[in-house]
Amino acid sequence: MATLTHVDENGQQPRMVDVGGKDITERQAHAQARLRFPPDVARTLAEAGFMTAKGAVLTVAQIAGVMGVKATSTLIPLCHPLALNGCKVEIAIDGDEAIIDCRVKCTGKTGVEMEALTGASIAALTIYDMCKALSHDMVIHDVRLLGKSGGKRDFGSSPS
């Protein structure tokens, strides 16, 4: 049976996992978030080339996603600070949705799943922030890990 790793042996107190004995491996993760626009907002943004008074929505969201990846250990209390090898945030528009994919790599003793999830989430939140003057009816949904590799076990699709 799986056990929680971020609590002490009595299951009572939170703790940061000791990764000292783990092997250094290439670790990758791929996370995705989606943001659904109301149809009229999606149309307005598309017609404006996703430019608002605040700036280039998708470009700013990409940068925010990278910044979120880099800040993960300050946002999620028990995450280790990591030396990242790379990060890519891609945003595609499909009809009334923005699909945010965040891929993160490092060579280390712990994985980058939380970094990828944080990057996708922060990019989605940034889109929401930049477009909320048009509507508050946007919905961020389906934030999830699509794949990871390089640790004890691989998961999902190839993260690269």
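Residues numbered from 1 in each chain as written. Predicted model: local features only at pLDDT ≥ 70, side-chain atom pairs only at ≥ 80, totals over all residues. Heavy atoms only, no water.

Peer 1: For this particular structure, what's the right way to read the sheet that holds strand β7 (residues 155-156)?
Peer 2: Either a parallel or an antiparallel arrangement is found when strands of a sheet pair, and the pairing is made through backbone hydrogen bonds. Strand order in the open sheet made by the 5 strands is β4-β5-β1-β6-β7, with antiparallel pairing throughout. Of all strands in the sheet, those with a lone pairing partner are β4 (84-94) and β7, marking the two edges. The pairing of strand β1 (residues 25-36) with strand β6 (residues 139-149) spans 8 bridges and is classified as antiparallel. Looking across to β6, one finds that Arg36 is bridged to Val139. Packed on one face of the sheet, helix α2 (residues 57-70) meets β4 and β5 (97-108) and runs near 145° to β4. Together, β1, β4, β5 and β6 form the strand contacts of helix α4 (residues 113-131), whose direction differs from that of β1 by roughly 25°. (Pairing = 2+ DSSP bridges. Helix = DSSP H or I, 4+ residues; strand = E, 2+ residues; numbered from the N terminus. Contact = heavy atoms within 4.5 Å. Axes fitted to C-alpha atoms, helices over the stretch in contact; angles between N-to-C directions.)

Peer 1: How should I be thinking about α2 in this particular structure?
Peer 2: Note on helix geometry: an α-helix contains 3.6 residues per turn, so any two residues three or four positions apart are oriented the same way. With 14 residues, α2 extends 20 Å between its outermost C-alpha atoms, agreeing within 8% with the 20 Å of an ideal straight helix rising 1.5 Å per residue. For α2, the set of buried residues is Val57, Ala61, Ala64, Gly65, Gly68 and Val69. Burial along α2 is one-sided: seen end-on, the buried residues are contained in an arc of 140°. Every exposed residue of α2 that faces more than 90 degrees away from the buried side is listed here: Met67 and Lys70. Looking at the buried side of α2, the elements it contacts are β2 (51-52), β3 (55-56), α3 (72-75), β4, β5 and α4. (Expected span 1.5 Å × (residues − 1). Buried < 20%, exposed > 50% of the residue type's maximum accessible area, 1.4 Å probe, protein only. Arc of directions from axis to C-beta.)

Peer 1: Explain helix α1 (residues 39-47) here, please?
Peer 2: Within α1, burial applies to Val41, Ala42 and Leu45. Buried residues of α1, viewed axially, fall in a sector of 100°; they line one side. Considering only its buried residues, α1 is in contact with β2 and α4. With its phi angle positive at about 65°, Gly49 sits one or two positions after the end of α1.

Peer 1: In this structure, what is going on with the environment of Ala53? I would like to understand it.
Peer 2: For Ala53, the location among the structural elements is in the loop between β2 and β3. In this structure the C-alpha to C-alpha distance between Ala53 and Met130, which are 77 residues apart in sequence, comes to 8.5 Å.

Peer 1: How should I be thinking about the pairing of β4 in this particular structure?
Peer 2: In summary, the side chains of a regular strand alternate between the two faces of the sheet. Of the pairings in the sheet, the one linking β4 to β5 comprises 10 bridges and is antiparallel in character. The partner of Leu84 across the bridge, within β5, is Cys106. Remark: 2 residues form the turn of the hairpin made by β4 and β5, two consecutive strands paired antiparallel; Gly95 in that turn has positive phi of roughly 65°.

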